[in-house]
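# Summary of structural features
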Amino acid sequence: MQPLHPEATSRRSVWMWVGGAAGLALALAMFLNNSRPPTPAATSRPATSTFVVSGAVVLGNTASFARDDRGGCAGTGAHADVINGAPVLITTTGGLATGQLTDPRALTDGTCRFWFSVLGVPTGQDAHLVMVADRDTRQYAEQELTGALVSLRVD
């Protein structure tokens, strides 16, 4: 009868030591390579920063909106897409940021105003294309969208 576990031969233990040494050498090489500072190519990519665009969208004449009994308003006719919850999209070569129209109010000056806020708009872009609801896009420079509240009139 043969034993279930044959005894290790000297040949097998030599290869086990060679494999262990090779594994240790590989682990040491990986550790040493990771402890070096990153190459300039890896660090040359700047982190993308963003900003927030906040403001108001105004429907400029009473023919373009209807008032409700709570002081609110919504676009009508050709402006029927300008309603509470309608999308506000800002597109750049660096990406897309979205928000929505909120808090519609019929104002005493005969206009209808919606607030909006768009988070995550990429900085450092040449042009920002802004689209409210399904209206045509308008182009703005970054300086026009930063700082004070932005007022977009839809007529």
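Scroll up to find the structure.
A short tour of the structure in this document, coming up.

Looking only at helices and strands, the protein chain has three helices and ten strands in total. Moving toward the C terminus, one meets the helices and strands of the protein chain in the order α-α-β-β-β-β-β-β-β-β-β-α-β. Here the protein chain holds 155 residues, and 29% of them are scored as buried. Counted over contacts in the protein chain with a minimum sequence separation of 6, partners at least 24 positions apart contribute 58%. With the model as given, the accessible surface of the protein chain reaches about 10700 Å², and the carbon-plus-sulfur share is 59%.

As for its position among the elements, Thr92 is in strand S4 (residues 87-92). Classification of Thr92 as buried rests on a relative accessible area of 10%. Here Gly94 takes part through its backbone nitrogen, which lies 3.0 Å from a polar atom of the side chain of Thr92. Aside from chain neighbours lying at most four places away, what touches Thr92 is Pro122, Gln125, Ala127 and His128.

On to the pairing of strand S8 (residues 128-132), then. Of the two faces of S8, only one is covered, namely that formed by His128, Val130 and Val132; the face formed by Leu129 and Met131 stays uncovered. Here three bridges tie S8 to strand S9 (residues 138-140), and the two strands are oriented antiparallel to one another. Paired with Leu129 across the strands is Gln139, a residue of S9. Counted between consecutive antiparallel strands, the loop separating S8 from S9 contains five residues, among which Ala133 sits at a positive phi close to 55 degrees.

Enumeration according to the criterion identifies one disulfide in this entry. What pairs with Cys73 in a disulfide is Cys112, and their sulfur atoms sit 1.9 Å apart. The disulfide joining Cys73 to Cys112 has a torsion of about 85 degrees about its S-S bond and is therefore right-handed. On the criterion of sequence distance, the pair formed by Cys73 in strand S3 (residues 73-75) and Cys112 in strand S7 (residues 112-122) is long-range, its members being 39 residues apart.

Here the focus is the pattern of salt bridges. One pass over the structure, following the stated rule, counts five salt bridges. Between Asp81 and Arg135 there is a salt bridge, with the nearest N and O atoms lying 2.7 Å from each other. One end of the pair, Asp81, is in the loop between S3 and S4; the other, Arg135, is in the loop between S8 and S9, with 54 residues separating them in the sequence. Arg113 is paired through a salt bridge with Asp103; the nearest N and O atoms lie 3.9 Å apart. Pair noted here: Arg113 is in strand S7 and Asp103 is in strand S6 (residues 102-106), with a separation of ten residues, a long-range link.

The rules we used
Residues numbered from 1 in each chain as written. Predicted model: local features only at pLDDT ≥ 70, side-chain atom pairs only at ≥ 80, totals over all residues. Heavy atoms only, no water. Helix = DSSP H or I, 4+ residues; strand = E, 2+ residues; numbered from the N terminus. Buried < 20%, exposed > 50% of the residue type's maximum accessible area, 1.4 Å probe, protein only. Contact = heavy atoms within 4.5 Å. Areas by Shrake-Rupley, 256 points an atom, 1.4 Å probe, with all protein chains shown as cover. Polar contact = N/O pair within 3.5 Å; in protein donor to acceptor, adjacent residues only side chain to side chain. Pairing = 2+ DSSP bridges. Disulfide = S-S within 2.5 Å. Salt bridge = Lys/Arg side-chain N within 4 Å of Asp/Glu carboxyl O.

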